[in-house]
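# Survey of secondary and tertiary structure
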Amino acid sequence: MDLGIKGKTAIVCAASKGLGRGCAEALAEAGVDLVINARSAGPLEETAREIAAKYGVKVTAVAADISTEEGRAAVLAAMPNPDILVNNAGGPPPGMWHDWEREDFIKALDANMLAPIAMMKAVLPSMMDKGWGRVVNITSQSVKSPIAVLGLSNSARAGLTGYVAGTSRQVAGSGVNINNMLPGLHATDRAVSLDQGVASAQGISMDEAKAQRAATIPAGRYGTREEFGAMCAFLCSTSAGFIVGQNILLDGGAVNATL
Ligand code: NAP
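Residues numbered from 1 in each chain as written. Predicted model: local features only at pLDDT ≥ 70, side-chain atom pairs only at ≥ 80, totals over all residues. Heavy atoms only, no water.

A few words now on the packing of helix H6 (residues 189-202) against helix H7 (residues 206-214). Closest axis-to-axis distance for the H6/H7 pair is 8 Å, and the angle between their directions is 110°. In terms of orientation, H6 lies roughly perpendicular with respect to H7. Within the contact between the two elements, H6 uses Ala191, Val192, Leu194, Asp195, Gln196, Val198, Ala199 and Gln202 and H7 uses Met206, Ala209, Lys210, Gln212 and Arg213. Residues belonging to the contact of H6 with H7 are distributed by class as follows: 7 nonpolar, 3 polar and 3 charged. (Axes fitted to C-alpha atoms, helices over the stretch in contact; angles between N-to-C directions. Helix = DSSP H or I, 4+ residues; strand = E, 2+ residues; numbered from the N terminus. Parallel < 35°, antiparallel > 145°, perpendicular 65-115°, else oblique. Contact = heavy atoms within 4.5 Å. Nonpolar A, V, L, I, M, F, W, Y, C, P; charged D, E, K, R; others polar.)

What follows is the structure, encoded as structure tokens:
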């Protein structure tokens, strides 16, 4: 399928591995030039080299913490007026409701709510001027169905979801589409670290923890970054111009809801 975005440009935040990398690769496969970002320079540059070599697009690596103002400025300096923005950052740590203090919430809000909002504020004006733009925010299935131990994530992502619900409708008339992708369990390092949490909390092996979590998914397995990236690229395609402010679950059926 021709996604119609060959030659366009995209910033993909938090993309040296995992779901962000899946999105970057799928956009590169569609012919999009990229700025990709993560905090650790080595793995990020390696990913940039691999994607550029495989898909023949231009990939610029910007090592920076996207949850900081300086980090966002560095990323935007490399590509001030992208056609496409994919917002992503690491997820907050698990815990119990009584563990978290104001500082913990501020960190989660900075990474998973205020950073994507700041990035949108920076790039939406030029997208609207051009009359075309796509923004995809990577959030979580926890937006639809809370994951109790991820209270920091549940809270921060709910805030971003509310912002997108209104903002997407304010910019849609200018040809700019903002949507959220809600991952369920995917086979990334983040999933491994959450498997580890289950294994140590229950005194079981990693394989047992993974099997236990996979059994909660009707599809019977974790998702892949390639599947996730393919949906991201479609949401960024010319065919997705009538999809506005949606929250799209990619969870193998894990959220047990009719709508
Ligand atoms: P991952 O495999 O751990 O990859 C995270 C990526 O983000 C890495 O490239 C990491 O590189 C980068 N990163 C993290 N914090 C950053 C920051 N502050 N600034 C810039 N880059 C940053 O994680 P993932 O599984 O792809 O998850 C991506 C997002 O989806 C997370 O918010 C996660 O909570 C959410 N999610 C994931 C799942 C799942 O099953 N995988 C399910 C629901 C929600 P550096 O460490 O070098 O910065």
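Next comes the rest of the write-up.
With that out of the way, let us pick up the site of the ligand. The full set close to the ligand counts 28 residues, and Ser16, Leu19, Arg39, Ala89 and Thr188 are the nearest of them. Between the ligand and the protein, one listed contact pairs a nitrogen atom with a backbone N or O atom of Gly90 at 3.1 Å. Between the ligand and the protein, one listed contact pairs an oxygen atom with a side-chain N or O atom of Arg157 at 2.8 Å. The fraction of the free accessible surface of the ligand (880 Å²) that becomes covered by protein chains is 91%. For the shell around the ligand, the elements supplying multiple residues, two or more each, are helix H1 (18-29), strand E2 (33-38) and H6. For the shell around the ligand, a count of residues per class yields 10 nonpolar, 12 polar and 6 charged. (Near = heavy atom within 4 Å. Polar contact = N/O pair within 3.5 Å; in protein donor to acceptor, adjacent residues only side chain to side chain. Areas by Shrake-Rupley, 256 points an atom, 1.4 Å probe, with all protein chains shown as cover.)

This part is about the packing of aromatic side chains. All told, the structure shown has 1 aromatic pair when counted by the stated rule. With a centroid separation of 6.4 Å and 85° between ring planes, the pair formed by Trp100 and Phe105 is classed as edge-to-face. By relative accessible area, Trp100 is classed as buried at 13%. Sitting above the plane of the Trp132 ring, Lys8 keeps its charged end 4.2 Å from the centroid. A cation over a ring is seen here: Lys210 above Tyr222, with NZ or CZ 5.2 Å from the ring centre. (Phe/Tyr/Trp six-rings, centres within 6.5 Å; stacked < 30°, edge-to-face > 60°. Buried < 20%, exposed > 50% of the residue type's maximum accessible area, 1.4 Å probe, protein only. Lys NZ or Arg CZ within 6 Å of the ring centre and 35° of its normal.)

So, to be careful, I would describe these as geometric facts and stop short of saying anything about function.
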